[in-house]
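Here is what each chain is made of, one letter per residue.
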Amino acid sequence: MSDRPSPSSRNAYKAFRTITTRWMDNDIYGHMNNVVHYSLFDTAVNGWLIDEGVLDIHGGDQVGLVVETGCRYFSELAFPDTVMAGIRVAKLGTSSARYEVGLFRNEEEAPAAEGFFVHVYVDRETRRPKPLNTRLRTALSAIAAT
């Protein structure tokens, strides 16, 4: 018997972003290279934050720095798949958030991969932790896992 967690289903995620794979995402083995999964996690979360109006990548006074990451792989992704990235917040701290992202291949119900990363939100200039501002906390609370 394996201690490996089972993948979540699509309905376990609160927000979604569609990401198109690229030719260069495939590696010599004909599937998506593992490093691309991490790029998709980052793209999904930061794209969602920008769309929600809570991340200004050029002028905002608060930015999220990644301090921890992880990923479990369940099946392959490859070009020309379309990836539906499910996003949820597993934990909200004073100045941090743990994001969990499921990468769903095309219309599949089980994710091909599930990952997480922790953002510590800091002052853009000093790089010191800064409490989540009200707008950011509200947006993250809306996609918090229950």
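As the structure is a prediction and not an experimental result, all values here were calculated from the model.

### Notes on the pattern of salt bridges
A full pass over the atoms with the stated rule returns 9 salt bridges. Taking the shortest distance from any N to any O, the salt bridge between Arg 22 and Asp 25 comes out at 2.7 Å. Residue classification places Arg 22 among the partly exposed residues on the basis of a relative accessible area of 41%. Asp 81 is the salt-bridge partner of Arg 105, the closest N and O atoms lying 3.0 Å from each other. Placement of the pair is Arg 105 in strand 4 (residues 96-105) and Asp 81 in the loop between strand 2 (62-73) and strand 3 (82-92), with a sequence separation of 24 residues.

### Focus: the pairing of strand 5 (residues 113-123)
Each regular strand shows side chains that alternate between the opposite faces of the sheet. Judged by how many residues are buried, strand 5 sits mostly within the fold: 10 of 11 residues are covered. Relative to strand 5, strand 2 runs antiparallel, the two being bridged by 11 bridges. Bridge pairing in strand 5 places Cys 71 opposite Gly 115.

### Things to note about helix 1 (residues 34-51)
For helix 1, with 18 residues, the first-to-last C-alpha span of 26 Å sits near the 26 Å given by 1.5 Å per residue. Burial in helix 1 covers these residues: Val 36, His 37, Leu 40, Phe 41, Ala 44, Val 45, Asn 46, Gly 47, Trp 48 and Leu 49. On its buried face, helix 1 sits against strand 1 (15-20), strand 2, strand 3, strand 4, strand 5 and helix 2 (134-142). The N-capping residue of helix 1, defined by a side-chain oxygen 3.1 Å from the backbone nitrogen of Val 35, is Asn 33. A positive backbone phi angle near 80 degrees is found at Gly 53, which sits one or two residues after helix 1.

### Let's talk about the side chain of Arg 88
With respect to the helices and strands, Arg 88 occurs in strand 3. A relative accessible area of 11% means that Arg 88 is categorised as buried. Polar side-chain contacts of Arg 88 include one of 3.3 Å to the side chain of Ser 8. Reaching out from Arg 88, the side chain makes a polar contact with the side chain of Glu 100 at a distance of 2.8 Å. Each residue touching Arg 88, except ones within four places of it in the same chain, is listed here: Ser 8, Ala 12, Tyr 13, Lys 14, Arg 98, Tyr 99, Glu 100, Glu 114, Ile 143 and Ala 145.

### Here we look at the packing of aromatic side chains
For the structure on display, the rule yields 4 aromatic pairs. Judged by centre distance (5.9 Å) and plane angle (85 degrees), the ring pair of Trp 23 and Phe 79 falls under edge-to-face. Note that Trp 23 is positioned in the loop between strand 1 and helix 1 and Phe 79 in the loop between strand 2 and strand 3, a separation of 56 residues in sequence. Judged by relative accessible area, which is 68%, Trp 23 ranks as exposed. When the ring of Tyr 99 is compared with that of Phe 117, the centres are 5.3 Å apart and the planes differ by 40 degrees; the resulting orientation is tilted. Placement of the pair is Tyr 99 in strand 4 and Phe 117 in strand 5, with a sequence separation of 18 residues. With respect to burial, Tyr 99 and Phe 117 carry one shared label: buried. Taking the ring centre of Tyr 13 as reference, the NZ or CZ of Arg 88 above it sits at 4.2 Å. For the cation-ring pair, Arg 98 lies above Phe 116, with the distance from its terminal atom to the ring centre recorded as 3.8 Å.

What counts as what
- Residues numbered from 1 in each chain as written.
- Predicted model: local features only at pLDDT ≥ 70, side-chain atom pairs only at ≥ 80, totals over all residues.
- Heavy atoms only, no water.
- Salt bridge = Lys/Arg side-chain N within 4 Å of Asp/Glu carboxyl O.
- Buried < 20%, exposed > 50% of the residue type's maximum accessible area, 1.4 Å probe, protein only.
- Helix = DSSP H or I, 4+ residues; strand = E, 2+ residues; numbered from the N terminus.
- Pairing = 2+ DSSP bridges.
- Expected span 1.5 Å × (residues − 1).
- Contact = heavy atoms within 4.5 Å.
- Polar contact = N/O pair within 3.5 Å; in protein donor to acceptor, adjacent residues only side chain to side chain.
- Phe/Tyr/Trp six-rings, centres within 6.5 Å; stacked < 30°, edge-to-face > 60°.
- Lys NZ or Arg CZ within 6 Å of the ring centre and 35° of its normal.

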